[in-house]
Amino acid sequence: MDDLTDDLTNRVAQSDITVFNLADLWDDAPVAELDIEPFLVQGLMLKEEPFREAVNDYDFSQHEGEHVAVYCSTDAIVPTWGYMLIASKLEGVARSVAFGREADLMRDYYVRALEAKDWSPYANKPVVIKGCGGAIVPDVAYLIATQKLQGVARKLMYGEPCSSVPLWRRPQKKKEPTGPAKAVSANLPTPGK
């Protein structure tokens, strides 16, 4: 039996496949949703003076180190400056601020992280975009990663290195013929005929 196990090789481990795990981009900080409905008059109307008072009375320090999604749970018409005022209070407190709910924040986070990523380590390599990385990774991240990797990688797959779905392969360049080029005569009309 020892001879059999000695002959087994892990071809996946020996391959030059690089795994790109989108879940590794997440910083594991908590996400909070901040509903501004309590800052509004009867939850429906933003009046500047009471809104500013409510914002000033709010303890923004409770969001220290969190990613904060700012939204309004009612159908109130909130002027843009209202959200901007809250974002200004979260500056230096929250890790990031986004407009909308948690899913919107996750989308924004991944878009920024993927735009800032250095893709050069994946140049000319076969890359597996790890699947089933966790519920935290939004679908848009997979789309953006695919586009970014197509610019540098040789081949893209989805899943796990041992069981992946092929997605794309860089077209191979046509080989230039070797040796002297043959002269080709053109069938041009003869002048005067």
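In case you missed it, the structure is sitting above this.
A. Looking closely at the pairing of strand E6 (residues 155–160). Direction of pairing for strand E5 (residues 126–130) relative to E6: parallel, over a ladder of five bridges. Looking across to E6, one finds that proline 126 is bridged to lysine 155. As judged from the six bridges shared by E6 and strand E7 (residues 163–169), these two strands associate in the antiparallel manner. In the strand pairing of E7, tyrosine 158 is matched with valine 165. Between E6 and E7, which follow one another and run antiparallel, lie two residues.

B. The arrangement of the pairing of E5 in detail. Most of E5 is tucked away, with four of its five residues classed as buried. Examined bridge by bridge, strand E1 (residues 18–20) and E5 share three bridges and lie parallel to one another. The partner of valine 19 across the bridge, within E5, is valine 128.

C. Highlighting the packing of aromatic side chains. Counted according to the given criterion, the structure contains eleven aromatic pairs. For the pair phenylalanine 39 and phenylalanine 51, a centre-to-centre distance of 6.2 Å together with 80° between the ring planes defines the contact as edge-to-face. Residue phenylalanine 39 is found in the loop between strand E2 (31–35) and helix H3 (48–57), and its partner phenylalanine 51 is found in helix H3; the two are separated by twelve residues along the sequence. Taken together, the ring pairs in this structure connect Phe39, Phe51, Tyr58, Phe60 and Trp81 into an aromatic cluster. Geometry around tyrosine 71 places arginine 101 over its ring, the cationic atom sitting 3.9 Å from the centre. The cationic tip of lysine 117 hangs over the ring face of tryptophan 119; the distance from NZ or CZ to the ring centre is 6.0 Å.

Procedures and definitions
Residues numbered from 1 in each chain as written. Predicted model: local features only at pLDDT ≥ 70, side-chain atom pairs only at ≥ 80, totals over all residues. Heavy atoms only, no water. Pairing = 2+ DSSP bridges. Helix = DSSP H or I, 4+ residues; strand = E, 2+ residues; numbered from the N terminus. Buried < 20%, exposed > 50% of the residue type's maximum accessible area, 1.4 Å probe, protein only. Phe/Tyr/Trp six-rings, centres within 6.5 Å; stacked < 30°, edge-to-face > 60°. Lys NZ or Arg CZ within 6 Å of the ring centre and 35° of its normal.

Geometric values such as these leave the question of function open.
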